[in-house]
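In case you want the letters, here they are:
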Amino acid sequence: MTASIAVLFVCMGNICRSPLAEAAFRDAARRAGLDAVIDSAGTGHWHVGSPPDRRACAVALRHGIDISRYRARVVRPADFERFTHIVALDHANLAHLQAMRPAGSLARLSLLLDHVPGRQGHAVADPYYGDASGFETTWRDVAAGADALVAALKGGA
């Protein structure tokens with residue numbers, strides 16, 4: 001039996017925020033017993049085939065999750081048919097997804113933090129140009145978003 005829930009997390013290059021969101025959501029879904037197809041992608045092509053940023057790998061590992069085997073890919077039109085929920089990490093990527101969304105797509109688009117009470121409309125900050133501490137902040141945001149999204153999906157959202 002295949003999962004009826006499929007979630008794609010999207011940031012710019014798919015090497016920082018979206019792989020961390022994918023990892024946090026995989027962990028939250030596993031803990032909650034939620035069966036879901038889970039992936040991440042980027043809106044830009046710069047890092048296709050590359051592993052996550054070493055700082056993203058390090059923060060995930062500090063939280064007990066190995067993402068070193070993840071590889072960056074770009075969002076494809078077929079993703080709008082494959083995934084029930086496409087979750088952007090910031091407003092620019094959400095706008096990109098809205099612009100490329102095929103007519104008739106039933107995929108639900110949202111920002112990750114839209115699922116966290118009191119954080120609706122907020123973006124997950126991009127840690128790429130900062131130091132390692134920014135990745136810990138990003139992890140806290142994606143973990144909160146993942147937990148909230150899992151709770152919503154378990155409730156039928």
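Now for a description of the structure that goes with this document. All of these numbers come straight from a predicted model, not from anything done at the bench. (Residues numbered from 1 in each chain as written. Predicted model: local features only at pLDDT ≥ 70, side-chain atom pairs only at ≥ 80, totals over all residues. Heavy atoms only, no water.)

**Examining the sheet that holds strand E4 (residues 108–111)**
Within a sheet, each strand pairs with its neighbour through backbone hydrogen bonds, oriented either parallel or antiparallel. Taken in spatial order, the four strands make up an open sheet running E2-E1-E3-E4, and their pairing is parallel. Only two strands of the sheet have a single neighbouring strand rather than two, namely strand E2 (36–42) and E4. For this sheet the average axis-to-axis angle between neighbouring strands, irrespective of direction, equals 20°. Two strands pair when backbone bridges link them, and strand E3 (residues 85–88) and E4 are joined in this way by four bridges, in the parallel orientation. From the neighbouring strand, Ile86 faces E4, where its bridge partner is Leu109. Sheet strands in contact with helix H1 (residues 17–32) are strand E1 (5–11) and E2, and its direction is about 170° off that of E2. Packing of helix H4 (residues 91–100) onto the sheet brings it into contact with E1, E3 and E4, and relative to E4 it is tilted by some 165°. (Pairing = 2+ DSSP bridges. Helix = DSSP H or I, 4+ residues; strand = E, 2+ residues; numbered from the N terminus. Axes fitted to C-alpha atoms, helices over the stretch in contact; angles between N-to-C directions. Contact = heavy atoms within 4.5 Å.)

**Observations concerning the pattern of salt bridges**
It is possible for side chains of opposite charge to pair when their charged atoms get near one another. In the structure shown here, the tally under the stated rule is twelve salt bridges. Among the salt bridges present, the one from Asp126 reaches Arg17, with a minimum N-O distance of 3.7 Å. Taken together, the residues span a long stretch of sequence, with Asp126 in the loop between E4 and helix H5 (132–154) and Arg17 in helix H1 at a distance of 109 residues. Of the charged contacts in the structure, one is a salt bridge between Arg73 and Asp39, with a shortest N-O distance of 3.0 Å. Separated by 34 residues along the polypeptide, Arg73 in the loop between helix H2 (54–62) and helix H3 (79–82) and Asp39 in strand E2 bring together distant segments of the chain. (Salt bridge = Lys/Arg side-chain N within 4 Å of Asp/Glu carboxyl O.)

**Details of the packing of aromatic side chains**
Evaluated as defined, the whole model comprises two aromatic pairs. Measuring from centroid to centroid gives 4.9 Å for Tyr128 and Tyr129, while their planes differ by 90°, and the two rings are edge-to-face. The exposure class of Tyr129 is exposed, given its relative accessible area of 75%. It is Arg55 that lies over the ring of Tyr128; its NZ or CZ is 5.7 Å from the centre. (Phe/Tyr/Trp six-rings, centres within 6.5 Å; stacked < 30°, edge-to-face > 60°. Buried < 20%, exposed > 50% of the residue type's maximum accessible area, 1.4 Å probe, protein only. Lys NZ or Arg CZ within 6 Å of the ring centre and 35° of its normal.)

**Examining the environment of Thr84**
Along the chain, Thr84 falls in the loop between H3 and E3. Taking the C-alpha atoms as reference points, Thr84 and Leu8, separated by 76 residues in sequence, lie 8.3 Å from one another. Setting aside residues up to four positions removed in sequence, Thr84 forms contacts with Ser4, Ile5, Ala6, Leu106, Ala107 and Arg108. A distance of 2.8 Å separates a polar atom in the side chain of Thr84 from a polar atom in the side chain of His85. (Polar contact = N/O pair within 3.5 Å; in protein donor to acceptor, adjacent residues only side chain to side chain.)

**Thoughts on the packing of H2 against H5**
Two numbers describe how H2 lies on H5: the axes approach to 9 Å, and their chain directions differ by 55°. Relative to H5, H2 is oriented oblique. For the pair H2 and H5, the sense of crossing is right-handed. On H5, the residues touching Arg55, Ala56, Val59, Ala60 and Arg62 of H2 are Phe135, Glu136 and Trp139. (Parallel < 35°, antiparallel > 145°, perpendicular 65-115°, else oblique. Left-handed = near helix turned anticlockwise from the far one by under 90°.)

**As for H5**
Taking 1.5 Å per residue, 23 residues should reach 33 Å; H5 reaches 33 Å between its end C-alpha atoms and fits that length. Along H5, the residues that are buried comprise Phe135, Thr138, Trp139, Asp141, Val142, Gly145, Ala146, Ala148, Leu149, Val150 and Leu153. Lining the buried residues of H5 we find E1, H1, H2 and E3. (Expected span 1.5 Å × (residues − 1).)

**A closer look at unusual backbone geometry**
Phi at Asn14 is positive, roughly 65°, even though this residue is not glycine. Position of Asn14 among the secondary structure elements: in the loop between E1 and H1. On the accessibility criterion, Asn14 (3% relative accessible area) is buried.

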